[in-house]
Every structure is written in structure tokens, then in C-alpha cells.
Amino acid sequence: MEIDARHTPDYLFEASWEVCNKVGGIYTVLSTRANILQKTYKDRIFFIGPDIWGEQGSPWFKEEKTLFSSWREFASRNQHLPIRIGRWKIPGDPIVFLVKFDAFFEKQNDIYAEMWMDYGVDSIAAYGDYHEATLFAYATGIVIESFYRFHHLEAENVVAHFNEWMTGAAALYIKKHVPKIATLFTTHATSIGRSIAGNNLPLYDHLQGYNGDQMARQLNMAAKHSIEKKAALNVDCFTTVSDITAAECTQLLQRQPDIVTPNGFEKDFIPKGPYHSRARKKARKTLLHVAEKVVGHAIHPDALLIATSGRYEYKNKGIDVFIDAMHLLRKMPELTKDVIAFIMVPGWVKGPRKDLQAWLAEDNSTESGSLSSGNSSGLHVSPECPFITHELVDPQHDMVMNQIRHLGFCNAEKERVKIIFVPSYLNGDDGIFNLPYYDLLIGFDLSVFPSYYEPWGYTPHESVAFSVPTITTTLAGFGVWAKKEGDRKEGISDGIEVIYRNDKNYTEVAEEIATLIHELSLRSKEQIKLLKQSASALADWADWAHFIRYYQEAYSKALHNSFVRLSLPYKLKAE
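Residues numbered from 1 in each chain as written. Predicted model: local features only at pLDDT ≥ 70, side-chain atom pairs only at ≥ 80, totals over all residues. Heavy atoms only, no water.

Participant: Any chance you could explain the pairing of strand β2 (residues 45-50) here in plain terms?
Facilitator: Regular strands have side chains that alternate between both faces of the sheet. In terms of burial, β2 is largely enclosed, as six of its six residues are buried. Where strand β1 (residues 11-15) meets β2, four bridges bridge the pair, whose relative direction is parallel. Bridge assignment links F13 to a residue of β2, and that residue is F46. In terms of handedness, the path from β1 via helix α1 (residues 25-40) over to β2 forms a crossover that is right-handed. Where β2 lies against strand β5 (residues 95-99), five bridges are found, and the strand directions are parallel. Paired with P50 across the strands is V99, a residue of β5. (Buried < 20%, exposed > 50% of the residue type's maximum accessible area, 1.4 Å probe, protein only. Helix = DSSP H or I, 4+ residues; strand = E, 2+ residues; numbered from the N terminus. Pairing = 2+ DSSP bridges. Right-handed = clockwise from strand over helix to strand, strands pointing away.)

If you want it as C-alpha cells, here you go:
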């Protein structure tokens, strides 16, 4: 699309619950895209997030009290808006407004009544995080309006971009109170689509038969679905992250997205050359060391290390398929290499296993990355079959643990395939690995993400960016993109395999994963090196340098549509 110079933004606001708040994939979207936006709109791009950190402060935020200090004082004094202004501690150091929204709870009923009367947003059945998110969003709308009016931006092209249902109320507030601002709303996953999939209902075969409003009532999602749908229907430009989710939005939210804006990734921080080799060696050493302590026996240093990771959505993320695939693999008599499969999804944990911590602390002789035969005194075996690194609050009802036990895994020394469950956030301070996720990811030989519901799929995207070959599915946005752009060869030969998945072929997907891993186990070191290079090359085509153009198009579309919207009353009068 050719972008008209009149339709380029002078100022950008972008709001999300995940600004300076690392919760999930949207944090990755925004924090990696910020650098290229900051280069284009130097200090005219303002990210807005919730101030939920109290005295402790967000670890990703650096306050700068001199930034827009006169406006901040005005907003605090005259509008009772406590705002902290500073920089997001990410590449580009963009300006951030953190909004405290506690005072709006006492006005909650009035705000909900206003949204009902203005737009038909149904908050009657709201519960849980709906209240917190919606009041943050409402406060965000007031913050944008305040900044806009204080700095007299009426003659400028201003775009306000809102992410997910959590900021829907801000989009609606701006449309009503500052109609001259062009609005953009991105749904990264529809709340009702995720819920349909998570409740074991067939999302894809029956998509055309679902009514979003009806399903929202049935699945107790009415409030979230309502505000998401009303935001989507009322903004100047509506976007989503993949063709898969676009079809979902069209059916469930009843608006076809104007533009699909795929998620890029910023690779600048990934180690290269000898630094990559050293980081990989350190990661493998750590992974093998922990694995040996968990299972209680030595593991061959050339074992194949495999991972799946992401949010703990047992069906949606394909964790169920992953475990079943490992079960099929362990029954293959021709498998001649040890395979250690890590399930790295944060669950409900008490904390690190104290016994495992003690065993890890005991053993300081891990220079080779595996236990020597003379160090058997450092091996300990749990009374139960050893699988887990952190203690769960409710292990009897944990789906991963129950399936591992049900399939009879025991991580015995004679078994080729072993499973290790890591139910903790890997932020560098988990008590067992004490390395961030990326610093461990680089040590794996393969990652597997057999997703059922995955609007984009940062986990396989991150994997290939770190030169780790990956398996994903055609139900992941990244998988669909890769199928078109890079998955040209049979199997894993080009660094990625995108497996066809639908509502009915669960078993076939698990079988294909097991076969692919077995084939990988037969490859030489030189062949695996080539796979890693292919994976990295694919990631080069999915970075923000290539994908930012879709956002530029979205900003342009929002401004164009806002000009049309603002001119309508005059056109009608003229007629």
C-alpha cells in the first residue's frame, strides 16, 4: 500500500497491560517493536502501562521526573491523575507513562453505566481481572486526553493504539471524548476463541456455526467479549496478528480486520559467533546438570535436548500432544540416543524443590556438564519417579504430572526418553536453573510447539531466532507464515517443520513429532549445524525491519478513516 504523507502520525500513543509488565507474549511484541518505532518517531511515541508496582517499582521502568514535568504536575493537581513518567528499559528507551488507577474503583458503576449507554458494553457479569483492566483502560483514556489538550495537539496527526480487550475501554473513551484522535485496536487473540479452544470445543471445524455473543454467555465470558467486540467495532482501524485469528475475529467479533500485522522479533541482543558458542555450551551444561540431579543418574553428554514452553494452556499450547509424542518416541526400539524432553511452562508452584537445591549445591564438579562415574555419591533418587524441578501447590490435580504418571514414565537409567517438568517462570531467579529463559533456550537441539490455539506463536519464532530448529503447526500464526515463506523442504531439513493440524488429527500429529525427533537423533553434528543455520536464516525474514510496514499501513488506515469519520457530519449537512 502506498502511504499518503497526510496519513502519517506525528504522535503515537500505545497502551497495554503489558507495558513495563512482563506477563506474556504481548510484552515481547511491544518491547521488541519499540526500538524501530523510537527510531522513526523519536520521543513522539508514548507507551502507557499500569502502575501496579507500589514502592518496589517495575524492574523494567526507569523514572525521569524531568520528562513532561509541568504536564504531570498539572494532571496530578487538577485531574487527580497520578502518573509516573520515565523510560522503558529496553532497546530504544522509549518514553513510558505508568498510570495509577486505584481511585477509579469508587466510580466503577458510573463508568460501566456510561459504557453501556454509549456503546452497549455489558459489564453486568464482570468478574476477576475485568475490573482492574477496564479501570486501568478508562484511566488511560483520560491520560491521553489530558496530554493531548495540555500540549495543544489538535493540529497534529495523533494515533492511539490499544492492545487486547484489557484496553478496550480506553479506545471507547477516546472515540467519545477526543474524536480527532485516530484509534487503532489490536486483538492478539479473541477472548472467546481462546475460551472455546480451552474448553475442549472444536474451534475450527465449527467456526462458521459459532455466535460470539452466545458462546460468551455460555462460557461465562460475556463482559470481556463485550468490551473486546465493541472496541473492535468502533475504532478507526482494527488489526490482528495472523490470518488464522482474522477469520476468528470476522466470525466471533463480527468485524473483519482491516490489516493483519504479524509479530516481528528484534534479534540484536542474540549472541553471535564465539559468544553464541559459549552461551550454548553454558546452557547445555546447566540443563544437563539439573537433569542428572532430577533423574538421579548420569546422562550422556551428547543427549538430544528438546523443549516445549509457553503459557500453561494444556490443550491450546499442545502440551498434551508433546507428552504423548515423547511416549511414542520411547517405544521406538531403534532409538539409540538419549532424549531429554523439558516442559517449561509456569504452573502453580510453592517454590524450588529444597532437596534438589541442596543436591545441586553439593555438586561443584560439573566441569564436563555431566556427572563422572566417580561422583555417584552426588546422585540422589526421589522416593517417587523423578520428573519435576519445583514443588507444586496441588500436584494431584496437575495435568502435566498426571499424564506423565498415566503413561508410565519413570526416567529410569535404562530408558532412552526422559521428561523433566519445569513449572516455574524462568527469569534468572527461579532457584534451580537461575538463568533467564533465553539463556537456556540457546542450549537446546530442538523445540516443539504442537499448538492447537496460537494466534501468532512467539515460542517457535524465538526458537529459530536463537538458531534452534523448531516444530510447530498450521494452527499457529507463525507456522502459517513460515509455511508460506520458509518451510520448503520435507521434514526438519530447513530448520522448521510446520505440521498440519486440525480438530481431528491429534494422534497423527503426535506420531509425526516422534518420527521427526527420531530422524533428528540420527543426524551428524555437521548436519545439525546446517539445520541451525537454516533456522536462523528463516528468523531473519521475520524481524521488525520486515514487518513494521504493516503497522505503518495500519496507522495510515486509522488516520484516513478518522478523516472520513470527522467529515461525515459536514457531508450529511451539505446533502
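Participant: Is there a simple way to explain the layout of surface pockets in this structure?
Facilitator: Where empty space is left in the structure can be found by rolling a water-sized probe over the atoms. When its volume is computed, the second largest pocket comes out at roughly 980 Å³. What lines the second largest pocket is a set of 36 residues, among which H276, R280, R284, D445 and K532 lie closest to the centre. At the level of secondary structure, the elements contributing two or more residues to the lining of the second largest pocket comprise α10 (273-295) and α18 (525-540). Ranked by residue count, the leading element in the lining of the second largest pocket is α10, at eight residues. Split by residue class, the lining of the second largest pocket holds nine nonpolar, nine polar and 18 charged. (1 Å grid on protein atoms, 1.4 Å probe; cavity = no way out; pocket = protein on both sides within 12 Å on 5 of 7 lines; lining within 4 Å. Points joined across faces, edges and corners; volume = space filled by probe spheres on them. Nonpolar A, V, L, I, M, F, W, Y, C, P; charged D, E, K, R; others polar.)

Participant: How do you make sense of the sheet that holds strand β7 (residues 182-187) when you look at a structure like this?
Facilitator: Neighbouring strands of a sheet are bound in pairs by backbone hydrogen bonds; such pairs are parallel or else antiparallel. Spatially, nine strands are ordered β3-β4-β5-β2-β1-β6-β7-β8-β9 in an open sheet, and the strand pairing comes out mixed. Because the sheet does not close on itself, it has two edges, and the strands there are β3 (61-63) and β9 (259-260). Relative to β2, α1 is tilted by about 160 degrees, and along the sheet it contacts β1, β2, β4 (83-88) and β6 (158-163). Docked against the sheet, helix α9 (residues 243-252) engages β7, β8 (237-240) and β9, running at close to 130 degrees with respect to β8. (Contact = heavy atoms within 4.5 Å. Axes fitted to C-alpha atoms, helices over the stretch in contact; angles between N-to-C directions.)

Participant: Just checking my understanding: could you explain empty space enclosed by the protein for this structure?
Facilitator: Going through the model one piece at a time under the given rule, you end up with two cavities of 30 Å³ or more. Of the pockets and cavities examined, the largest cavity occupies roughly 50 Å³. In terms of lining, the largest cavity is formed by E114, M115, D118, Y119, Y138, A169, L172, Y173, K176 and H177. Counting residues per element, the ones that place at least two in the lining of the largest cavity are α3 (108-119) and α5 (168-177). The element that contributes the greatest number of residues to the lining of the largest cavity is α5, accounting for five residues. Each residue belonging to the lining of the largest cavity can be placed in one class, and the counts come to six nonpolar, one polar and three charged. Lining the second largest cavity are A125, A126, Y127, Y130, N220, M221, A222, A223 and K224. Per element, the largest residue contribution to the lining of the second largest cavity is three residues, and it comes from helix α8 (residues 222-234). In the lining of the second largest cavity, the residues fall into seven nonpolar, one polar and one charged.

Participant: Help me understand the environment of E228 in this model?
Facilitator: Its location among the elements puts E228 in helix α8. Between the C-alpha atoms of E228 and R72, which are 156 residues apart in sequence, the distance is 30 Å. Among residues more than four places away in sequence, those in contact with E228 are W165, F185, T187, A189, T190, S191, I192 and L253.

Participant: I would appreciate a short explanation of the pairing of β5 in the present structure.
Facilitator: Across the five residues of β5, five count as buried, placing the element largely inside the fold. Across the two faces of β5 the burial is the same, with I95, F97 and V99 and V96 and L98 all buried. Where β4 meets β5, five bridges bridge the pair, whose relative direction is antiparallel. Bridged to I83 within β5 is V99. The hairpin turn running from β4 into β5, its antiparallel successor, is six residues long, and G92 in that turn takes a positive phi close to 100 degrees.

Participant: Quick question: what am I supposed to make of helix α11 (residues 319-330) here?
Facilitator: Two residues of an α-helix separated by three or four positions point the same way, owing to the 3.6 residues in each turn. The first and last C-alpha atoms of α11 sit 17 Å apart over 12 residues, in line with the 16 Å expected at 1.5 Å per residue. With respect to burial, α11 is a largely interior element, 10 of its 12 residues being buried. All of the buried residues in α11 are I319, D320, V321, F322, I323, D324, A325, M326, H327 and L329. Buried residues in α11 make contact with β10 (304-309), β11 (339-344), α13 (399-406), β14 (417-422), β15 (446-448) and α17 (506-521). (Expected span 1.5 Å × (residues − 1).)

Participant: Got a minute to help me understand the side chain of R284 in this structure?
Facilitator: Turning to its location among the elements, R284 is positioned in helix α10. For R284, a relative accessible area of 13% gives the class buried. A polar contact of 3.0 Å, which involves the side chain of R284, links it to the side chain of D445. The contact partners of R284, leaving out residues within four places of it in the chain, are P301, D302, A303, L305, G443 and D445. (Polar contact = N/O pair within 3.5 Å; in protein donor to acceptor, adjacent residues only side chain to side chain.)

Participant: How should I be thinking about the sheet that holds β15 in this particular structure?
Facilitator: Strand order in the open sheet formed by six strands is β14-β11-β10-β15-β16-β17, with parallel pairing between adjacent strands. The two strands at the open ends of the sheet, each matched to only one other strand, are β14 and β17 (496-499). Looking at each pair of strands side by side, their axes are set apart by 20 degrees on average, direction ignored. Sheet topology places β10 next to β15; two bridges connect them, and they run parallel. Note that in β15 the partner of A307 across the bridge is S447. The strands that α10 touches are β10, β11 and β14; relative to β14, the one it contacts most, it runs at about 100 degrees. Strands in contact with helix α16 (residues 477-485) are β16 (470-473) and β17; relative to β17, the strand with the most contacts, it is inclined by about 115 degrees.

Participant: Teacher, can you tell me more about the packing of aromatic side chains here?
Facilitator: To describe a pair of aromatic rings, you give the distance between the ring centres and the angle between the ring planes. Under the counting rule described, the total for this entry stands at 43 aromatic pairs. Seen in terms of ring centroids, W71 and F97 are 5.1 Å apart; in terms of plane orientation they differ by 50 degrees. Their pairing is tilted. Of this pair, W71 sits in helix α2 (residues 69-79) while F97 sits in strand β5, and the two are 26 residues apart along the sequence. Since its relative accessible area comes to 0%, W71 is described here as buried. Feature note: the residues Y11, F13, F46, F68, W71, F97 and F147 constitute an aromatic cluster, connected by ring pairs. Looking at R33, its charged tip hangs above the ring of W544, at a distance of 5.6 Å from the centre. Sitting over the face of the ring of Y551, R33 holds its NZ or CZ atom 4.1 Å from the ring centroid. (Phe/Tyr/Trp six-rings, centres within 6.5 Å; stacked < 30°, edge-to-face > 60°. Lys NZ or Arg CZ within 6 Å of the ring centre and 35° of its normal.)

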